[in-house]
Amino acid sequence: MSVQAPPQHSSSWPGAPLIALLHPREQTRFVLGMFAGSLGLGLIEMRWLGWPLWAATATVLALMLIPGIVKWRVDVRRYGWVTAVLGILVAAQGFHSVEHLVQWIQYHVLQWTPRQANGLLSAANAEWVHFTWNWTVLAVLMLLYGRVRNVWFWLLLAWTIAHTLEHTYMFVRHLDVLAELRRMGVTSVTAQGLPGVLGRDGWLARSPVTQGTFVCRLPGITTANRLDIHFWWNTGETLLLLLAANTFLLKQRRHTHVES
């Protein structure tokens, strides 16, 4: 039994297959209309209702789920669930990359402080959100394990596991610091933005295990701030995902051409 239904027609995969998969096709007008409408609503929320940027961004994302669901229901019927899930993951990771890019620009170009450089969804810049997001991405990749078979996928899986373990370490530290603060009667500190394994003041830089060795002095690995470390974590993950997805879709297209 085949685990992935190939496209019905080779014309469904013109040009770069990943671009063809993400293209809304017959839902293009619907997608553009919903985006324009949600963007207008977000601007109204900010200008006349005084809502913060993150709330307006959340409104746009929530409304764009509607055409997104319609599109990916069509993708399931057209390409099968594996390809449809891969498309959802690429789109979601794409927005996540935009969020990291905005934070990077806010910090390095606009010269905002790390506390101010929170991206478009500042309310989501919390340890539990990062922890949940990375474990969700890893769970989706495990769902695709054995179905998307190429070297880029194995590298992506290894990278994502390491990235997720980094966020798990930070989340545990976050809970430990919060517990310690509560024991001291401090409840007004959120304990967000703690260093992880990598970066300035991270485990590699300060652990007794690495002290006195070259490991605790690696440029970037133990000296970069948290924002930069996770910008590059995410950049690597996104590039590997794009390579894995495009390689998988190229193989599917070749398989379809052979069958036809």
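For the structure itself, look to the data block above.
Please read all numbers here as calculations on a predicted model, not as lab measurements. (Residues numbered from 1 in each chain as written. Predicted model: local features only at pLDDT ≥ 70, side-chain atom pairs only at ≥ 80, totals over all residues. Heavy atoms only, no water.)

K.L.:
I'm lost on the overall build of the protein chain in this one. Help?
P.N.:
Helices and strands together make up the secondary structure of the protein chain, namely eight helices and zero strands. Counting helices and strands in the order they occur from the N terminus, the protein chain gives α-α-α-α-α-α-α-α. Taken across its 260 residues, the protein chain has 40% of its residues classed as buried. Taking contacts inside the protein chain between residues at least 6 apart in sequence as the whole, the part at least 24 apart equals 67%. (Helix = DSSP H or I, 4+ residues; strand = E, 2+ residues; numbered from the N terminus. Buried < 20%, exposed > 50% of the residue type's maximum accessible area, 1.4 Å probe, protein only. Contact = heavy atoms within 4.5 Å.)

K.L.:
What is the right way to read the nonpolar core from this model?
P.N.:
Most often, soluble globular proteins have nonpolar side chains that are buried together. Residues Leu 141, Phe 153 and Leu 156 are the most contacted members of the largest nonpolar core, which totals 21 residues. Of all the secondary-structure elements, those providing two or more residues to this core are α1 (17–22), α4 (81–108), α5 (127–144), α6 (151–183) and α8 (226–259). At six residues, α8 tops the list of elements feeding residues into this core. Aside from chain neighbours lying at most four places away, what touches Leu 141 is Leu 89, Phe 153, Leu 156, Leu 157 and Thr 160. (Core = buried A, V, L, I, M, F, W, Y, C linked by side-chain atoms within 4.5 Å.)

K.L.:
So what exactly am I meant to see when it comes to the layout of surface pockets here?
P.N.:
Rolling a probe over the atoms, with the probe sized like a water molecule, indicates the empty space that remains. Space inside the largest pocket adds up to approximately 1,500 Å³. Residue lining of the largest pocket: 44 residues in total, with Leu 61, Leu 65, Ala 91, Ala 92 and Phe 95 positioned closest to the centre. At the level of elements, α2 (28–47), α3 (53–79), α4 and α5 are the ones that each hand at least two residues to the lining of the largest pocket. Considering each element in turn, the lining of the largest pocket owes the most residues, 13 residues, to α3. (1 Å grid on protein atoms, 1.4 Å probe; cavity = no way out; pocket = protein on both sides within 12 Å on 5 of 7 lines; lining within 4 Å. Points joined across faces, edges and corners; volume = space filled by probe spheres on them.)

K.L.:
Can you walk me through the pattern of salt bridges in this structure?
P.N.:
Scanning the model with the defined rule gives six salt bridges in all. A salt bridge links Glu 26 to Arg 78; the shortest N-O distance between them is 3.2 Å. Of the two residues, Glu 26 is situated in the loop between α1 and α2 and Arg 78 in helix α3; the sequence distance between them amounts to 52 residues. When its relative accessible area of 49% is taken as the criterion, Glu 26 is described as partly exposed. Between Asp 75 and Lys 71 there is a salt bridge, with its nearest N and O atoms 2.7 Å apart. With Asp 75 and Lys 71 both in helix α3 and four residues apart, this pair spans about one turn of that helix. Exposure remark for Lys 71: the relative accessible area of 5% places this residue in the buried category. (Salt bridge = Lys/Arg side-chain N within 4 Å of Asp/Glu carboxyl O.)

K.L.:
Looking at this structure, I do not really get unusual backbone geometry. What am I missing?
P.N.:
Keep in mind that most residues, glycine aside, have a negative phi and that most peptide bonds are trans. Positive phi outside glycine occurs at Gln 111, with the angle close to 60°. Following the sequence through the fold, Gln 111 ends up in the loop between α4 and α5. A residue is classified by how much of its surface remains accessible, and Gln 111, at 60% relative accessible area, is exposed. Backbone geometry at Asp 201 places phi at a positive 65°, although glycine is not the residue there. The residue Asp 201 is located in the loop between α6 and α7 (203–206) in this model. We classify Asp 201 as partly exposed; its relative accessible area is 41%.

K.L.:
Hey, could you run me through the packing of aromatic side chains in this one?
P.N.:
For any pair of aromatic rings, the description rests on two quantities: the centre-to-centre distance and the angle between the ring planes. Going through the model one piece at a time under the given rule, you end up with seven aromatic pairs. Here the aromatic cluster, defined as three or more aromatic residues joined through ring pairs, consists of Trp 104, Phe 231 and Trp 232. The aromatic ring of Trp 48 is capped on one face by Arg 47, whose charged end is 5.4 Å from the ring centroid. (Phe/Tyr/Trp six-rings, centres within 6.5 Å; stacked < 30°, edge-to-face > 60°. Lys NZ or Arg CZ within 6 Å of the ring centre and 35° of its normal.)

K.L.:
Just to check I follow, could you spell out α6 for this structure?
P.N.:
One full turn of an α-helix is made of 3.6 residues, so residues set three or four places apart face in the same direction. The first and last C-alpha atoms of α6 sit 48 Å apart over 33 residues, in line with the 48 Å expected at 1.5 Å per residue. Capping the start of α6 is the job of one residue whose side-chain oxygen sits 3.1 Å from the backbone nitrogen of Trp 152: Asn 150. Two residues or fewer after α6 comes Gly 185, characterised by a positive phi angle close to 85°. (Expected span 1.5 Å × (residues − 1). Polar contact = N/O pair within 3.5 Å; in protein donor to acceptor, adjacent residues only side chain to side chain.)

K.L.:
What am I meant to see in the packing of α5 against α6 here?
P.N.:
Helix packing for two helices is described by the angle between their axes and how far apart those axes are. It is at 9 Å that the axes of α5 and α6 come closest, and there the two elements cross at 155°. As judged from the angle between their axes, α5 and α6 are roughly antiparallel. The handedness of the crossing between α5 and α6 comes out as left-handed. Of α6, the residues touching α5 (which contributes Glu 127, Trp 128, His 130, Phe 131, Asn 134, Trp 135, Val 137, Leu 138, Leu 141, Met 142 and Leu 144) are Phe 153, Leu 156, Leu 157, Thr 160, Ile 161, His 163, Thr 164, His 167, Thr 168, Met 170, Phe 171 and His 174. (Axes fitted to C-alpha atoms, helices over the stretch in contact; angles between N-to-C directions. Parallel < 35°, antiparallel > 145°, perpendicular 65-115°, else oblique. Left-handed = near helix turned anticlockwise from the far one by under 90°.)

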